[in-house]
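Notes for the structure review
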Amino acid sequence: MSMRPIKTWSYPGNLLDALVDTRRVVAGVQLPLPVAGVEDARATIQRMLDQLDHHLIPRVREEASPAIVVVAGSTGAGKSTVVNALVGEQLTPSGVLRPTTRVPHLFHHPLDTPVLSDVAKRAKVIATEAVPRGLALVDSPDLDSISGENREIAHLMMEAADLWIFVTTAARYGDAVPWEALRAGADRGASIAVVLNRVTVDVAAQVRRELVDRLAEEHLETLPLFVIPEAPNRQSIVPRDVVGGLGRWLDSVAAASATTIVERTLHGAAESLKEWLETLAEAMDDQSAAAKDVRGEVRRAAAQVSHEGGERWWETIATGALTARWQQATADGGALFKLRNSMWVRRGHAREQRDEVLHAIYRDLLEAVESRLVFAASSVAEAMEDALRRADTGVGPWLAERRDPRDARQARERQAADASRRWVHRCQEIVLELPGVDNGIQVIGEPGLTTALASAALGIEEARTVLMILTSPQAVGAAVDAAREELDGARRHCVNRESLDMMRPTDIPSLMPDSSAKIRLRRAELRGLL
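Reading the values: rules and limits
Residues numbered from 1 in each chain as written. Predicted model: local features only at pLDDT ≥ 70, side-chain atom pairs only at ≥ 80, totals over all residues. Heavy atoms only, no water. pLDDT = per-residue confidence, 0-100. Helix = DSSP H or I, 4+ residues; strand = E, 2+ residues; numbered from the N terminus. Contact = heavy atoms within 4.5 Å. Axes fitted to C-alpha atoms, helices over the stretch in contact; angles between N-to-C directions. Left-handed = near helix turned anticlockwise from the far one by under 90°. Nonpolar A, V, L, I, M, F, W, Y, C, P; charged D, E, K, R; others polar. Pairing = 2+ DSSP bridges. Polar contact = N/O pair within 3.5 Å; in protein donor to acceptor, adjacent residues only side chain to side chain. Salt bridge = Lys/Arg side-chain N within 4 Å of Asp/Glu carboxyl O. Buried < 20%, exposed > 50% of the residue type's maximum accessible area, 1.4 Å probe, protein only.

Focus on the confidence of the model for the protein
As a note on interpretation, predicted positions should not be read in detail where pLDDT is low. This prediction gives the protein a mean pLDDT of 81; 85% of its residues lie at or above 70. Of all the helices and strands in the protein, helix α9 (residues 342-345) carries the lowest mean pLDDT, 54, while helix α12 (residues 405-431) carries the highest, 93. Within the model, pLDDT remains below 50 along residues 1-12, and this stretch shows 29 contacts once partners closer than five positions in the same chain are excluded. Under a pLDDT of 50 for its full length, residues 95-99 has, in the predicted model, eight contacts with residues more than four places off or in other chains.

See below:
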C-alpha cells in the first residue's frame, strides 16, 4: 500500500489560543432571564461548547491526527454492515438486535496510532491496514436509539467528525432525526456523504429520485449520494465490490483530500461559530436590556415608598414606652431628676440608679428604631414585588419569585439591627463633640449622653432637656438635627439593601451593560484568523 506523509497544519499558533479563549468566554455566559428566544440562545451556547470541545479545539491542537469519518444513521440503517464492507472484514457486529452498536468502533491504519485524536478515548479502537492512512473510520451508535446514552454518544461522534457518512434505507430516508442532523452538519460546513442502503432493484430508481429531490429541497443537492443494493438473501456481510463507489471515494479522500476535508470542515465550523457568537451577543443584549428595565422598576418602587412620611418620618417611630420611661426618670424622685445637685449626683447609689434607667431606655430605643427600619424595608419589599408582579409573565414575576420570604425577613431584621447600632454609634460621636460634654460624662457617662441624644432625635423633649442641662444648651439643637440626618441615612441604607437584595439575581456579569462586547471581540478575533 502506498503511503503518504502525515499531514501538516497550516494554521497560525494563535488560533488555538483564540479558540480556547472563546470557549472560556462562552462557558461563562449566563442567560437567566425569561425573555423571548432565551431557550434558543442557551441551545446555541451548548452547540458552541460541543463544537469547541469535540471538534475545533482538538483538531487544531492535534494537528497530525487522521481525518475522522463517522458513519451515522438511524436504527437498522445498516451502518455496521457498510463499515464491514468498506474494510473488507467482519470487524463490527451487525444483525437484527437493536441497538447493535452500543460503543463506537474506530478503525484506523496502524501507522496512525500515535496521532489519534480525542475521539479514540470514547471509542473501541481497532487498527487495520484495510483503512487508508490519514483516515479514521468510526461506526457510531444510532441517532434515534432507544438508549439516551447511545443517542448522546452518536451526537458527540458527529460533532467530532471531519466527514460524515449518513446511512439510510428506502424505508427510513424520510425520518426526521437524520435530516435534522444533516441540516446541522451542513450549517457548520461539515463534509457529508449520503448512503442509500438496502435498496431493492424494483424501487431503486424511484427512491433515489425522491431522495435527490429531498436533498435539493434542503439545499443539500451538492452532497455525494451512493446507492447500495439489498444484499442477496439479506446476508449481513456485503461484498466489498458492492460498495465500490463509496470505497473508491474514500480512497480518493485519503490519497489527496484528507487535509482538505479537515480544513474545509474547520473553516465551515468556524464560520458557524462566528454566526453563533453574533447570535449569542444579540441575546446578551436582550438580557442586559431586560435586566436594566427590571432594575429600574425596582428602584422606582423603592424610591416611591422611601419618600413616604417626608422629612419628619421619624415622628412615625413608636416611642410611647420610651417617652414613658423618660418622663418617669425625670419626674420628681426619678433617677434623672436632680442632675443639677452636684452632691447628690456624685453618690454611688444615685449613679447606679441612673445607669440602670438609662440602660433600660437604651434597650427600648433600639427596639423602636429597629422595628421602624424593618417596617420601612418591608414596605419597600412589598411595593417592589407588587410592581414586578403587574405582568403575568416575563422578567418581573421571575425576579419577584427569586427571594425566599423567610430568608428575606431574616436578612431584613439583621440589616435593621446593624443599621440601628451604627446610628447609635454615630450619635455617640456627635454628642462627644458638644461643648461642656465633660460635665455630662461625669454625671451619666458617654453611654448615657448617647442615649439622651438618640432619644432627643426621636422627638422626646425630656431627653433634650437632659442634654441641655448637662452640655451646652445652644449646641443641642444642631446635634439633634445631625442625629436625625444620620437616622435618615440608616433608613436609606435599609431601603437600599432591600432593593439590592431584590436585584441580586440580575447582578451577574452577563447582564451588565456592554457585556456582549467580549463575545463580539472573540468573533472579531476569529474573523481575523480565519
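A closer look at the packing of helix α13 (residues 437-457) against helix α14 (residues 461-470)
α14 packs onto α13 with a crossing angle of 145 degrees between their chain directions and a minimal axis gap of 9 Å. Helix-helix and strand crossings are classified by hand; for α13 and α14 the assignment is left-handed. Residue-level contacts link Asn439, Gly440, Val443, Ile444, Leu449, Ala452, Leu453, Ser455 and Ala456 of α13 to Ala463, Arg464, Val466, Leu467 and Leu470 of α14. Classifying every residue of the contact of α13 with α14 gives 10 nonpolar, three polar and one charged.

Quick word on the sheet that holds strand β6 (residues 191-199)
Pairing within the open sheet is mixed, and its seven strands lie in the order β3-β2-β4-β1-β5-β6-β7. Two strands bound the open sheet, and with one partner strand each, they are β3 (124-127) and β7 (225-229). Strand after strand, the sheet turns through a mean of 20 degrees between neighbouring axes, direction not considered. One ladder, built from four bridges, connects β6 with β7; its direction is parallel. Residue Leu196 lies in a different strand from β7, and its bridge partner there is Val227. Sheet contacts for helix α3 (residues 79-87): β1 (67-73), β2 (105-108), β4 (135-139), β5 (163-169), β6 and β7; angle to β4, the most-contacted strand, approximately 150 degrees.

Digging into the side chain of Gln287
Along the chain, Gln287 falls in helix α7 (residues 244-306). Within the local environment of Gln287, its side chain forms a polar contact with the backbone oxygen of Leu33, the two atoms lying 2.8 Å apart. What Gln287 contacts, discounting residues up to four positions off in sequence, is Leu31, Pro32, Leu33, Val35, Val38 and Leu511.

What to know about the pattern of salt bridges
The full count for this structure, using the stated rule, is 23 salt bridges. A salt bridge links Arg520 to Glu278, with the shortest nitrogen-to-oxygen separation between them at 3.3 Å. Of this pair, Arg520 sits in helix α16 (residues 517-529) while Glu278 sits in helix α7, placing them 242 residues apart in sequence. Assessed through its relative accessible area of 30%, Arg520 is described here as partly exposed. In this structure, the salt-bridge partner of Arg300 is Glu297, at a minimum N-O distance of 2.9 Å. Pair noted here: Arg300 and Glu297 are both in helix α7, with a separation of three residues, about one helical turn. Residue class for Arg300 comes out exposed when judged on its relative accessible area of 51%. Where salt bridges share partners, they join Arg183, Arg214 and Glu218 into one cluster.

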